[in-house]
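Structure at a glance
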Amino acid sequence: MSAPAGGRWRSGAGIAVVASSVLVLVTVRWASGRAERGLARRVAAATAGYLALVARPARGSADYDLSRLLIEARALDGLPGFAAPLEVFHGTAPLVHATARPLSPALFDRLRRHAAAQSTGSAALAPLFDRDGWDVVGAVAAWPARTAWLSWRSTLAMLPSLVAGALAAAAVGGAAGRSRRAVTWFAGAATVFGLAAYGDIRAAARDATDRWLGDARLLMQEAVVRVPELRWSLSALAPIARGTELMPGDSEASAPWRQIVAGTPRAAVAVRLAPGRWAELRAAPEEGEGWMAGWLAVTVGLALLGPLAVAFAAWGEHAAARPRQLRETVAAWGFLAPSALHLGVFSFAPILFVLYLSVHRWTLVDPARPFVGLANFEGVVHDPLVWVSLRHTVVYALSVPVSMILSLGAALVLNRQSWAVRLARTVFLLPYVSSVVAIALVWEWMYHPDFGLINYLWSSLGLRPVDWLGSPRTALVAVMIVSVWVQLGYQMTVFLAGLQGVPQAYLDAARVDGASAWQRFRRITLPLLRPVTLFVLVTGLIGSFQVFTYMYVLTDGGPLHATDVLVYRIYQTAWQFLQFGYASALSLLLFVVLFGVTRAQFMLLGKRQDYA
Amino acid sequence: MRSAARRIISVVLVALVAAATLAPFLYMIATALMDEFDVLRYPPQLLPARPHPENFAIALTALPFGRFFLNTAIFAGGVVVGQVATSAMAAYAFARLRFPGRDRVFMIYLSVLMVPVVVLLVPRFLIINALGWVDTYAGLISTELVSVWGIFLLRQFFLTIPRDLEDAARLDGAGEWAVFWRVVLPLSKPALATLAVLAFMDQWKSLLWPLVATRSAEMSVVEVGLASLHGLYYANWTYQMAAAVTAVVPLVVLYFVAQKYFIREIELTGLK
């Protein structure tokens, strides 16, 4: 009974292994085909622009002289290095290959109405405008090149993935440990395969950009040969390559190259206009477009479907024999679904998104959001304000240990005095449970340089009044005092609760042995209080590294950036300067700075779950 | 002798800390009742010459504070309902159900705590922006509906509930949902209340997320409104303090009503 059932799970896993590989292959082919189709569309439009420049118009009309257009169109076919298969139509009549099928009138009509590129089943069709750029008098069709299924690189990556998948599928129903190991190997191999497939897509995009620039260069060079006066005006050549930048250049390189222009990557080729006269044609490289990262997610995700299916099959084979466990698992995921979904959308996806944003120039106003590599991070590292705010953040965080020492001292004095503990709980927690902005406001009022309570007390001590929040020398300390005031009561209450866990018997025994108060604290209380202390420190540091409200209300990060902290910088960068990419790089800096502390929190909780 | 000395030190200490804690609050109230001449007097006045309760009416109508309080209540209330519901469900799965990879999944949940909330601020804003939820309750509330901390808290609590009752219910043929709803939840009311009270307070106090997720005055919460009032009436301390007192009162009332839940959370932090 169980053997055939196990076989079913196993063969299901095998099918899933093959299916996920096939899905990846299909995706790569579709994406590469998409790049080719995009290339064909652009080549068709470029050729139409070229013809409009070089073909002479008929006398007294904006339409072209048919014989000239025929000659120019035929000449394209023999252009050395111009590889794209093309057809030029005047009206609906084909010019290059006289025997080709004419354009369907319906399609031509659509082209005229929309005056924009259309695609037929196989070809990309660009409208050919008359010399005035007014009416559509013909069309240029370009056919995308056939795309290969796989590069040698992806093939090399696919084979181990298939082998590992076969092994993992065969292990379904075997020993649990062996099966798990096999699935892990399979997942690794599948990830490599997904990455290689992404590499193929990227290479296809890069190749399409290069060939597009090469074709546009050829057409431009041909245009200046045919119409020599074009070489004096770069803007006259612009219709050949719409959406690119053409500028005087000095490079004579024959191959396209990549460079960073004003923080955004550009693909460029050198165009020879006349002896000694070169121009540079630049376009946004397709492989640098933002959605490329989406392909990475798609290919790796599809490749990982295989291991996922095998793991599921292994579990299913195991669980089918145990209906109770199956029921419980289904129920558990039902209970977890809302939170898992939410964490996926609002925590894990944002983590990936922030990584993505940090390597792009991303504003709300500009729809172009180019990949900029590490430029944002470079900006962060070279921005003196970032270092200033980082320093202030660290200094501000010192308010946590300061208030911890104060609150621990007070808690030690008040320990086991029940009336004091009760009072502490009632009164000392008030700052912690109050509105943060309201507290910031009352402190700002008390810090008032002329009428504030604090300066009054200060000068009654015979000291000179201080502009607490208005002077760069005192502003940060003034904010830290507020923070200590807020934390103190909370921490004291936590320590008082923690001290109840220190057995009095230990302390009494130590006293009998002649230990001094300091020794008892140092050797007994403090070690026993360690988890509590660590917890207060860690959560306090995490909070203080993310301080924002006090700065926003009290100082606006000033004066002279004296209270500028990282979160304030992130807020300003994103919501006042609208630079979301740069702000993301900044928040990753905060993440790195805080990582040790947040990791400690994770470990503390992870450890704690064991003894509950 | 020693204990007497310690008692005296304790009394002095408590008196000092209590005075330092309460003074800003009392001064806030006193200033809220002053008129503009009391405020600009030197030495500073500790009490108004004559109380001016009308300051409250003026300050609270200078900006639509009624609307701000309503928004805050909807925001904090919505988040509380969401967090309690999702936390209780997830915590039940982690504490009571056996499924493959449970501990690993729990660790993945906890790993969210390794990412500071501020790191998620920009992408979360862009997500609600893409959904067209900026300046809506949906945008304000949706990102906060799950609290890993709350899941952890409730899981710890569920683990302390004896299993016998549940097993009895299971023997009677109750499904997991029925066990959760009829047995576990009623037994966990104190823990649920603790989470609810803390979540409510946290959201009430939060400024940064409401600041970026909303734009209009109709959608502002109290903290944002208070900060705007500060910008508009920066020299008028009586109005600012009147509004501040009003913002503090609901939280303090909540604190006194639900004090044992606050303390319970602190004790969980301190003792475990």
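Presented here is an overview of the structure given in this document. (Residues numbered from 1 in each chain as written. Chains lettered and ligands numbered in written order. Predicted model: local features only at pLDDT ≥ 70, side-chain atom pairs only at ≥ 80, totals over all residues. Heavy atoms only, no water.)

Focus on the overall build of chain B
The condition is simple: Under the DSSP-based scheme used, a helix requires at least four consecutive residues in state H or I and a strand at least two consecutive residues in state E, with every element numbered from the N terminus. The atom set for the radius of gyration is the C-alpha atoms, and the globule formula is 2.2 Å times the number of residues raised to the power 0.38. A 1.4 Å probe rolled over the protein chains alone gives each residue an accessible area, and that area as a share of the maximum for its type sets the label: buried under 20%, exposed over 50%, partly exposed in between. Only heavy atoms matter for contacts: two residues are in contact if any of them lie within 4.5 Å across the pair. All accessible-area figures derive from a Shrake-Rupley calculation using a 1.4 Å probe, and residue coverage is judged against the displayed protein chains alone. Think of it this way: Lys and Arg go in the positive column, Asp and Glu in the negative one, and His and the chain ends go nowhere. For charged residues, the charge sits on one atom: NZ in Lys, CZ in Arg, CG in Asp, CD in Glu.
Looking only at helices and strands, one finds 15 helices and 0 strands in chain B. Relative to the compact-globule value of 19 Å for 272 residues, chain B shows a C-alpha radius of gyration of 23 Å, a clear excess of over 25%. Along the longest, intermediate and shortest principal axes, the C-alpha atoms of chain B span 75 × 70 × 35 Å. A burial count over chain B gives 57% of its 272 residues as buried. Considering only residue pairs separated by 6 or more positions, chain B has 73% of its internal contacts joining residues 24 or more positions apart. For chain B, the exposed surface amounts to about 11500 Å²; the carbon and sulfur share of it is 68%. The averaged location of the 17 negative side-chain charges in chain B is 9 Å from the averaged location of its 21 positive side-chain charges.

Focus on the overall build of chain A
Helices and strands together make up the secondary structure of chain A, namely 21 helices and 9 strands. For chain A, the C-alpha radius of gyration of 35 Å lies well beyond 25 Å, the compact-globule estimate for 612 residues. A principal-axis box enclosing the C-alpha atoms of chain A has dimensions of 115 × 85 × 40 Å. Scored against the burial criterion, the 612 residues of chain A give a buried share of 51%. Summarising the internal contacts of chain A: among those between residues at least 6 apart in sequence, 66% fall at separations of at least 24. Once the 53 positive and 36 negative side-chain charges of chain A are each reduced to a mean point, those two points are 11 Å apart.

Quick look at the sheet that holds strand β5 (residues 136–142) of chain A
Residue and element names in this part refer to chain A. How we decide: Two strands pair under a simple rule: DSSP has to find at least two bridges between them. Inter-axis angles, ranging from 0 to 180 degrees, are taken between N-to-C directions of lines fitted to C-alpha atoms, where helices are fitted over the stretch in contact.
Spatial ordering of the open sheet is given by β2-β1-β5-β4-β3, a layout of 5 strands whose pairing is antiparallel. In this open sheet, the two strands that pair with only one neighbour each are β2 (93–94) and β3 (118–119). Against the sheet, helix α2 (residues 66–77) contacts β1 (86–90) and β4 (124–129), and its axis sits at roughly 175° relative to β1.

Regarding the pairing of β1 of chain A
Residue and element names in this part refer to chain A. Counting buried positions along β1 gives 5 out of 5 residues, so the element sits mostly inside the fold. Side chains of β1 alternate between two faces, with L86, V88 and H90 and E87 and F89 buried alike. Inspection of the sheet shows β1 paired to β5 by 5 bridges, in the antiparallel sense. Bridge pairing in β5 places F89 opposite A139. Where β1 folds back on β2, the antiparallel hairpin that results is connected by 2 residues, among which G91 adopts a positive phi of roughly 65°.

Describing the side chain of H230 of chain B
When you line up the elements, H230 of chain B lands in helix α13 (residues 222–232). Classification of H230 of chain B as buried rests on a relative accessible area of 11%. Contact partners of H230 of chain B, with chain neighbours within four places excluded, come to L441, E444 and V553 of chain A together with W237 and Q240 of chain B.

Considering unusual backbone geometry
All names here are of chain A. With a phi angle near 55°, L560 is a residue other than glycine that sits in the positive phi range. Assignment of secondary structure puts L560 in the loop between α19 (549–555) and α20 (566–575). Phi is positive for L578, which is not a glycine, with a value near 60°. Position of L578 relative to the elements: it lies in the loop between α20 and α21 (580–611).

A closer look at the interface of chain A and chain B
Let me state the cut-off plainly: Buried area: the accessible area, evaluated with a 1.4 Å probe, that two parts lose upon being put together, summed over both parts. The rule for a salt bridge is simple: a side-chain nitrogen of Lys or Arg has to be within 4 Å of a carboxyl oxygen of Asp or Glu. Whenever two N or O atoms come within 3.5 Å, that pair is a polar contact, provided that in protein one can donate a hydrogen and the other can accept it, and provided that, for residues adjacent in sequence, both atoms are side-chain atoms.
Counting residues at the interface gives 102 residues for chain A, matched by 107 residues for chain B. For the pair chain A and chain B, the summed buried surface comes to about 9600 Å²; carbon and sulfur atoms form 76% of the total. Contact with chain B buries area across many residues of chain A, yet F335, F346 and W445 of chain A alone supply 9% of it, more than any other trio. For the interface between chain A and chain B, the tally reads 1 salt bridge. With its nearest N and O atoms 3.7 Å apart, the salt bridge here joins E328 of chain A to R98 of chain B. At the junction of chain A and chain B, the tally comes to 18 residue pairs in polar contact (both at pLDDT 80 or more). In terms of residue count, helix α8 (residues 323–358) of chain A provides more of the side of chain A that touches chain B than any other element does, 24 residues in total.

Considering helix α16 (residues 475–499) of chain A
Every α-helix carries 3.6 residues per turn, so stepping three or four residues along brings you back to the same face. Residue and element names in this part refer to chain A. Formally: Helix span, expected: 1.5 Å multiplied by one less than the number of residues in the helix. Given a residue, its bend is the angle between the two axes fitted to the seven residues that end at it and to the seven that start from it.
The end-to-end C-alpha distance of α16, which contains 25 residues, comes to 35 Å, matching closely the 36 Å that a straight helix rising 1.5 Å per residue would cover. Approximately 35° is the largest bend angle found in α16, and it occurs at Q487. A large share of α16 lies buried, amounting to 23 of its 25 residues.

Structural notes on the layout of surface pockets
Put simply, the rule is: The rule is simple: put a 1 Å grid over the protein atoms alone, call a set of points where a 1.4 Å probe fits but cannot get out a cavity, call an open set with protein on both sides within 12 Å along at least five of seven lines a pocket, and count a residue as lining if it has an atom within 4 Å of a point. Grid points are joined across faces, edges and corners, and a volume is the space filled by probe spheres set on the points.
Here the second largest pocket is characterised by a volume of approximately 750 Å³. Lining the second largest pocket are 20 residues, with L412, R511, A517 and R520 of chain A together with R6 of chain B positioned closest to its centre. The set of elements that each furnish at least two residues to the lining of the second largest pocket consists of α11 (399–414), α17 (504–512) and α18 (517–545) of chain A together with α1 (2–32) of chain B.

A closer look at the environment of L305 of chain A
Residue and element names in this part refer to chain A. Here L305 is to be found in helix α7 (residues 292–320). On the basis of relative accessible area, L305 is assigned to the partly exposed category, the value being 39%. C-alpha separation for the pair L305 and W30, spaced 275 residues apart in sequence, amounts to 19 Å. L305 has contacts with S20 and L23, leaving out every residue within four places of it along the chain.

Regarding the pairing of strand β8 (residues 264–274) of chain A
Residue and element names in this part refer to chain A. The buried fraction of β8 is high, at 10 of 11 residues. In this structure, strand β7 (residues 257–261) lies alongside β8, joined through 5 bridges in antiparallel fashion. Of the residues in β8, the one forming a bridge with Q259 is R266. Bridge count for β8 against strand β9 (residues 277–283) is 7 bridges, and the pairing is antiparallel. Residue pairing across strands places V271 opposite A279, the latter belonging to β9. In this structure, the hairpin formed by β8 and β9 is closed by a connection of 2 residues, where G276 is found at a positive phi of approximately 80°.

Here we look at the sheet that holds β9 of chain A
Residues and elements named next belong to chain A. Pairing is antiparallel across the open sheet formed by 4 strands, whose spatial order is β6-β9-β8-β7. The sheet terminates laterally at β6 (245–249) and β7, the two strands that pair on one side only. Strand-to-strand twist of the sheet, defined as the mean angle between neighbouring strand axes without regard to direction, takes the value 40°. Packed onto the sheet, helix α5 (residues 176–226) meets β6, β7, β8 and β9 and runs at close to 25° relative to β8.

Comments concerning the environment of V105 of chain B
You can see V105 of chain B is positioned in helix α5 (residues 102–111). In this structure V105 of chain B comes out as buried when scored by relative accessible area, which is 14%. Taking C-alpha positions, V105 of chain B is 12 Å from A91 of chain B, a pair spaced 14 residues apart along the chain. Residue contacts for V105 of chain B: discarding those within four places in its chain leaves W333 and L336 of chain A together with F94 of chain B.

Looking at the packing of helix α4 (residues 65–96) of chain B against α13 of chain B
All names here are of chain B. Selection rule: Orientation categories follow fixed angle ranges, with anything under 35 degrees roughly parallel, anything over 145 roughly antiparallel, 65 to 115 roughly perpendicular, and all other angles oblique. Here the nonpolar group is Ala, Val, Leu, Ile, Met, Phe, Trp, Tyr, Cys and Pro; Asp, Glu, Lys and Arg are the charged ones; every other residue, Gly included, is treated as polar.
Relative to each other, α4 and α13 sit at 150°, their axes nearing to 8 Å. The orientation of α4 relative to α13 falls into the category roughly antiparallel. Seen from α4, the contacting residues are F65, F68, F69 and T72; seen from α13, they are V222, G225, L226 and L229. Within the contact of α4 with α13, the residues separate by chemical class into 6 nonpolar, 2 polar and no charged.

Notes on the packing of aromatic side chains
Put simply, the test is: Here a pair means two rings of Phe, Tyr or Trp (six-membered ring of Trp) with centres within 6.5 Å. Their orientation is stacked below 30 degrees between planes, edge-to-face above 60, and tilted elsewhere. Comment: the charge-over-ring label is applied if NZ (Lys) or CZ (Arg) is within 6 Å of the ring centre and within 35 degrees of the ring normal.
Taken as a whole and judged by the stated rule, the model has 41 aromatic pairs over all chains. Both rings, one in W575 of chain A and one in F125 of chain B, keep their centres 5.2 Å apart while their planes meet at 80°; by these two values the pair is edge-to-face. Residue W575 of chain A is found in helix α20, and its partner F125 of chain B is found in helix α6 (residues 117–130); the two belong to separate chains. The exposure classification of W575 of chain A matches that of F125 of chain B, with both residues buried. Positioned over the ring face of W30 of chain A is R37 of chain A, at 5.8 Å from the centre of the ring. The positively charged end of K205 of chain B is found above the aromatic ring belonging to Y432 of chain A, 4.5 Å away from the centroid.

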